[in-house]
Every structure is written in structure tokens, then in C-alpha cells.
Amino acid sequence: MELTKNLTLGIYFPGDTTLHCLDPRTKIAGTTGLITLLLFTNNYTAYTFFAAFALALILAAKIPLGFALRGLRPMLPFLAMMWLFQIFFQKPPGSEIIFSWWKLTATDGGLHMGTLMSIRVLLLFLLTTILTLTTSTVELTDGTEALLRPLQRLKVPAQELALTMVIALRFVPTLAEEAEKIIKAQTARGVDFGRGNFIQKIAQLFPVLLPLFINAFRRADEMITAMESRCYTGGTGRTKMKVLRMSKNDYYSWAVLLLFALMQIILIVKIAPPF
Amino acid sequence: MEYLIEFKEATYTYKSSFVDPVQALKQIDLRVKRGEFLAIIGPNGSGKSTLARHFNGLLTPTTGEVLIRGISTASSDPEQLKAIRRQVGMVFQNPDNQLISSIVEEDVAFGPENLGVPPKEIRRRVNHALAALNIFKYRRESISHLSEGQKQLVAIAGVLAMKPDCIVLDEPTALLDPFGRRQVLESLKKLNREEGIAVVFITHFMSEAVHFKRVAVMDQGEIKSDGPPDDIFTRTALLKAAGLDIPVSAQLAEELKGKGFPMAPGILHVEELVNSLCQLKSKI
Ligand SMILES: Nc1ncnc2c1ncn2[C@@H]1O[C@H](COP(=O)(O)OP(=O)(O)OP(=O)(O)O)[C@@H](O)[C@H]1O
Ligand SMILES: [Mg+2]
């Protein structure tokens, strides 16, 4: 079991395209805006337009298409189930029966609802994948912190949240490495991982998770001492080495996004669902 | 002359409701001057870590006091405590549990960011610290790609970026391979020589302590002796009593002296032993 190799959390596809170099605030806020728009989209024409836009983003970021789409694969079985469920159990008023089998009947309305929903979920994941592929975890946390900072007046602990995220990401490889070591040690003692029924598999996890948790608490304790020693006293009075700055390209991106949003809204309003 | 760090009859007792109180420090009197290069050695459980935690106010003495440039670490003013922690940087044993960010330069910036240093100045200090520890080329690298020794250098750079007067290191080499150990030691020598930063290096490796200009031996919560290394390591009886290993060269010289051979005093390193033996040979 090679945990450290299969770890794709926060995968970043390094590059120096315009999309990579945009201010993370632009990318995070932009993605959030696009996702909101997606939730209102309800017809095939608008979705086609949306997919074309997502494709353009992938091309602009010089990410191989297959690489970007690969992240969607684990969701496919789940999506297929949801799709079938919608086809057979959603019967919007005025829809016609297209197919019936045993006690189940499928309607055209259900088929469209299922298909539209699947496209929506796929596009949603594709958009977040584009964000994480073009933005490093450090930029992501910096951007989130900067965007949440105005909320600090409402007692939202933006700095603390961002720092928590930084530390969590920092420990992902460390803990994965440690888990791997524990698994190897347990294997040497005769535990056969991945064998047996479901209950046995769950039982096999305990001797791995328990030491991992105990060590994590010890680590956290040492980490707090180290942070105190490095003058950390909470968010107030801190400065940042990297100051985020919007460039010309960020303003252009905002213009493009607004234009796209406008056209989407027109498509959503003017075209009757589902086409 | 004003001392940088001054322990005045400091004692420390761990109290907990589950076990009997443990007196980990007994009457510690220790003074560290600017630019000193000091090693503290002692066997397991002798109170080294407890002592280390008194240098920057992580622990405050039960009785007596610890002064950093004349200011007590027991001061209740948070600004003064911050100032003390800036002046006395602390590096711990496990680099994995003291690095905060996954990117090298971001981690080094953590200290100055906490101090509210302006962004441009932070960048300058971070670059300087990385260059001083010879890890500038790894600045954009992920921490998890570095060796343990390199991680420890990042931890030292993080302290250096706060512009400290003194760096205290609690067994920083215990988890490192011999190469990493040498890297850390050489870097500290350089910082001491070129930037005049005082170094307090806690270890149980004799072979490391011999590189320092001053060595203090701790045992059972007390400082049993304190002086230049050739003084300390040739007092084999004292080291044996503290359960510490004596450097092999020193032990051999001592035993030869016991057999009546005229050995030079203060032999520590292999080269000194060889020189002394060669002189013996030429006399015969
Ligand atoms: N949190 C604690 N509570 C109670 N007793 C403690 C605590 N920490 C340390 N001690 C005791 O204080 C004494 C000194 O411990 P300390 O950790 O300072 O020694 P050390 O020289 O650093 O040892 P090592 O070489 O193992 O790191 C020991 O007897 C230890 O058992
Ligand atoms: Mg210790």
C-alpha cells in the first residue's frame, strides 16, 4: 500500500499560464460565482455553453484534457445511480411514459431531470478541479483568508481558519508517511490488510488508526509549544510576507466572467427547460 | 558586562495531581554572555529539556528567577514575553512537529509575520536566513521533500529570521543521520562566528559537545561542572558519576597517564591523541 503516492489531495498542476498567475482571490471568487450560476442553470443549451467555457479554461491553463477529466472518474458510479433513480422515480407533471419494465416506469421528464442533474454535478466538480489544478494550496489558503478578512469584524476568525488549513495541509504527507510505517510494522506482525469480510477489514483499521491518533495528539502538543516559541499570539498584529495584488489580467478576467454570466442569465431566462 | 541570560538560583518542580512532585531543576546558576557557544550535556532525565524551556519563558522557575537581558521571564506583560521569545529562539528535537507551513520560505516567514514585520522586510530576512543556512535553493520546495537534516536547517532559519541574540536547541540532532548532524553543527558554528549569535546546544552526544567553547554537564537537575571542553572531558571521574560516556581519545589518554606515560594535558580529539603519542615515540 503506497499511501503517499496515491495522495491527490490538493493536486496542483504547475504552470505559468495566465490562469495560473491570476490572483487567488479572483480564482476563488470567480469559481464560487460560476458554481452559483450553475445551480440556476436548467437547460441543455445553457449547459453546452457552460461546458464550452470550462473546456476553454482547461485549454487556457494548458492542462491535458484527460488529466483534468480523470478526477471525475471516481464519481461516475455514484452519478449513474442517481441518474437511474431520477429516471424511474421523478415524474414531473405532464411528462410522458417512455418505457416501462416490471413495476418501474420511466418518463421523459425524469430522464431530462436526471441528465441535467448529472451534467450539473460533473461541471461543478470540473470547475473546482480547474481551480485546484491551477492554484497551489498556499495560494488557496492566502486567497481564502483575504476574502474572509472583511468578515473578521463579524467575529469570523479568518486568520485562524487559514492557519488551521495551512497546518492541516502541512501534516497530510507526514501522517500518510506515518500510517504507511505503521501498516508495514503491522504487516510484519502478520496482519493481512485488505483480506477478509467487511467487519474484518474495519477491525484491521484499529491498530493503524489508534497509534496514529495518539501520535497526532503528541504532535499537536509539540506544535503549540513551537508556535508559542515563535511568538505566535493569535491573529491580531500579524503581517504577511506575501501581499496579494490584483493585476491587469485579473481585471480582464473579471470582465470576461461578467460577460459570460450575462449571456448565461439570458440563456437561463429565455429558454424554456429542458432544451 | 551585562549578561544575555541569567539563571539565579532557579528551581523547578513538576506538580501534578496524579504523581508525586518531581524536582527537575535544583538551584541552577547559569550565565550566558553575548556570542557564547555553549553545549549542555547530561544523561536522560537529568533536566535538560526542563532547563531549555526556561530560556524563553515556556516554563518559569518555581523559585529563583531567569532574566533575559535583565527582564524576568515571569513577567506578565505579553509584549515583554514576545520580546523575550524574539531574542531567544528555540529549536526542538523533531523538525516535523515544529514546521508550520508546507513550503520552506513560507515557514521561515512565520516568526517575523507574528512579530508584525512589514512584508518587504520579511522577504529580506527570509532570503538572508535561507542563504545563511545554505538552503536558499529549496525555498519553494515542499517540506515533505526534504531530508530530516534539511528540515532542521529550515527550523533554524525560521528562528534566525526573527533576528535573535541567542538560539537554544534541545537535542536538535537526536533524530538525524550523521550527515544531517554535521550539517546542523557546521551551520551553528557559522552563525555563531559570522553573526555573533549565542548558541546553547543541548545534546547527549559527547562527540558533538567537544566542538563547543564551553560545556556544562547536567545531572539530576544540577549543573555539575561548567567550563572549556578540554577541562570538562578530562575530568573522567565526574563524567562517569553522571553516567556519561567519555570521548574515547580522552579515556585512552587518561588510562595511559595512569600507567605512568607522560601524556599532554587536555586531550580530546583523535588528532591531539595522535600528536601526543608521536611525541612519546620520538622521546623513546
Ligand atoms: N510534564 C512532566 N511532568 C512530570 N515530570 C516531568 C515532566 N517532564 C519531565 N519530568 C521529569 O523531570 C525530569 C527531567 O526531565 P527532562 O525532560 O527535563 O530531562 P531531559 O534531560 O531532557 O531528558 P531526555 O534526555 O530524556 O530528553 C525527569 O525526571 C522527568 O521524569
Ligand atoms: Mg529532553
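Residues numbered from 1 in each chain as written. Chains lettered and ligands numbered in written order. Predicted model: local features only at pLDDT ≥ 70, side-chain atom pairs only at ≥ 80, totals over all residues. Heavy atoms only, no water.

A. Focus on the overall build of chain B. The helix and strand inventory of chain B stands at eleven helices and ten strands. Its C-alpha atoms give chain B a radius of gyration of 20 Å, within 12% of the compact-globule value 19 Å for 284 residues. Principal axes of the C-alpha set define a box for chain B whose edges measure 70 × 45 × 40 Å. Counting across all 284 residues of chain B, residues that qualify as buried make up 53%. Within chain B, contacts between residues at least 6 apart in sequence are counted, and of these 64% link residues at least 24 apart. (Helix = DSSP H or I, 4+ residues; strand = E, 2+ residues; numbered from the N terminus. Rg over C-alpha atoms; globule rule 2.2 N^0.38 Å. Buried < 20%, exposed > 50% of the residue type's maximum accessible area, 1.4 Å probe, protein only. Contact = heavy atoms within 4.5 Å.)

B. Focus on the sheet that holds strand β4 (residues 63-68) of chain B. Residue and element names in this part refer to chain B. The sheet built from four strands is open, its strands ordered β2-β1-β4-β5 with antiparallel pairing. Looking at strand neighbours, the two that pair on one side only are β2 (22-32) and β5 (71-72), the edges of this open sheet. Where β4 meets β5, two bridges bridge the pair, whose relative direction is antiparallel. Residue pairing in the sheet places Ile 68 in a bridge with Ile 71 of β5. (Pairing = 2+ DSSP bridges.)

C. Region of interest: the interface of chain B and chain A. In this assembly, 40 residues from chain B lie in contact with 28 residues from chain A. It is B:Asn97, B:Ile100 and B:Glu113 in chain B that bury the most area against chain A; as a group they hold 23% of the surface buried on that side. Counting every contact that joins chain B to chain A gives six salt bridges. The shortest N-O distance in the salt bridge between B:Asp96 and A:Arg170 comes to 3.5 Å. Going through the elements one at a time, α2 (78-87), α3 (104-114) and α4 (119-132) of chain B are the ones with two or more residues in the side of chain B that touches chain A. Of the residues forming the side of chain B that touches chain A, the biggest block, ten residues, is contributed by α3(B). A class-by-class count of the residues in the side of chain B that touches chain A yields 18 nonpolar, eleven polar and eleven charged. (Buried area = accessible area lost by both parts, 1.4 Å probe. Salt bridge = Lys/Arg side-chain N within 4 Å of Asp/Glu carboxyl O. Nonpolar A, V, L, I, M, F, W, Y, C, P; charged D, E, K, R; others polar.)

D. A look at α4(B). Residue and element names in this part refer to chain B. Counted at 1.5 Å a residue, the expected span for α4 with its 14 residues is 20 Å, and the 20 Å between its end C-alpha atoms agrees. Turning to α4, its buried residues are Ile 122, Arg 125, Val 126, Ala 129, Leu 130 and Ala 132. Burial along α4 is one-sided: seen end-on, the buried residues are contained in an arc of 160°. Looking at the buried positions of α4, the neighbouring elements they touch are α3, α5 (148-160) and α6 (178-195). (Expected span 1.5 Å × (residues − 1). Arc of directions from axis to C-beta.)

E. Local environment of the sheet that holds strand β9 (residues 214-219) of chain B. Residues and elements named next belong to chain B. The strand order β6-β7-β8-β3-β9-β10 describes an open sheet built from six strands, whose pairing is mixed. For this open sheet the edge positions go to β6 (88-91) and β10 (222-227), each flanked by a neighbour on one side alone. Each strand axis lies, on average, 15° off the axis of its neighbour in the sheet, ignoring direction. Pairing of β9 with β10 involves five bridges; the strand directions are antiparallel. The residue of β10 that forms the bridge with Val 217 is Ser 225. Of the strands in this sheet, β3 (37-41), β7 (166-170) and β8 (198-203) touch α6, which is tilted by about 155° from β8. (Axes fitted to C-alpha atoms, helices over the stretch in contact; angles between N-to-C directions.)

F. Fine view of the site of ligand 1. Residues and elements named next belong to chain B. Lining the immediate environment of ligand 1, one finds Tyr 14, Val 22, Ala 24, Pro 43, Asn 44, Gly 45, Ser 46, Gly 47, Lys 48, Ser 49, Thr 50 and Glu 171. One of the side-chain N or O atoms of Asn 44 is found 3.3 Å from an oxygen atom in ligand 1. Here an oxygen atom of ligand 1 and a backbone polar atom of Ser 46 are 3.2 Å apart. Relative to its free-state accessible area of 630 Å², ligand 1 is covered by the protein chains to the extent of 60%. Listing elements by their share of the shell around ligand 1, those giving two or more residues are β2 and α1 (48-52). Looking at which element gives the most residues to the shell around ligand 1, the answer is α1, with three residues. Partitioned by chemical class, the residues of the shell around ligand 1 number four nonpolar, six polar and two charged. (Near = heavy atom within 4 Å. Polar contact = N/O pair within 3.5 Å; in protein donor to acceptor, adjacent residues only side chain to side chain. Areas by Shrake-Rupley, 256 points an atom, 1.4 Å probe, with all protein chains shown as cover.)

G. Fine view of the confidence of the model for chain A. All names here are of chain A. For chain A, per-residue confidence averages 84 on the pLDDT scale, and residues scoring 70 or more make up 95% of the total. By mean pLDDT, the top-scoring element of chain A is helix α3 (residues 24-40) (92), and the lowest-scoring one is helix α1 (residues 3-6) (44). Segment residues 1-10 is flagged for pLDDT under 50; beyond a separation of four residues in sequence, or across chains, it makes 17 contacts in the model. (pLDDT = per-residue confidence, 0-100.)

H. View of the packing of aromatic side chains. By the definition in use, this model includes eight aromatic pairs over all chains. Here A:Tyr232 and B:Phe110 contribute two aromatic rings whose centre-to-centre distance is 5.8 Å and whose plane-to-plane angle is 25°, an arrangement assigned as stacked. Of this pair, A:Tyr232 sits in the loop between α10 (198-229) and α11 (248-270) while B:Phe110 sits in helix α3, on two different chains. Across this residue pair, the class does not change: A:Tyr232 and B:Phe110 are buried. Taken together, the ring pairs in this structure connect A:Phe49, A:Phe50, A:Phe53 and A:Phe260 into an aromatic cluster. Above the ring of A:Phe171, the side-chain terminus of A:Arg170 is found at 4.8 Å from the ring centroid. Across the ring face of B:Phe205, the terminal group of B:Arg181 is positioned such that the distance to the ring centre comes to 4.2 Å. (Phe/Tyr/Trp six-rings, centres within 6.5 Å; stacked < 30°, edge-to-face > 60°. Lys NZ or Arg CZ within 6 Å of the ring centre and 35° of its normal.)

I. Seen up close, the nonpolar core. Residue and element names in this part refer to chain B. Within the largest apolar cluster, 51 residues are counted, with the highest numbers of intra-cluster contacts made by Ile 156 and Phe 233. Considering every element that reaches this core, the biggest residue donor is α5, with seven residues. For Ile 156, the residues in contact, after removing those within four places along its chain, are Val 91, Leu 133, Ile 167, Leu 169, Val 184, Leu 188 and Leu 191. Counting residues in hydrophobic clusters, the runner-up holds 30 residues, among them Val 32, Phe 55, Cys 166 and Ile 202. (Core = buried A, V, L, I, M, F, W, Y, C linked by side-chain atoms within 4.5 Å.)

J. Main features of unusual backbone geometry. Notably, A:Lys62 is not glycine yet its phi reads approximately 55°, a positive angle. Tracing the sequence through the fold places A:Lys62 in the loop between α4 (44-60) and α5 (65-70). A:Lys62 gets classed as exposed once you look at its relative accessible area, which sits at 65%. If you check the backbone angles, B:Lys163 has positive phi at about 55° while not being a glycine. For B:Lys163, the position within the fold is in the loop between α5 and β7. Judged by its relative accessible area of 42%, B:Lys163 falls in the partly exposed class.

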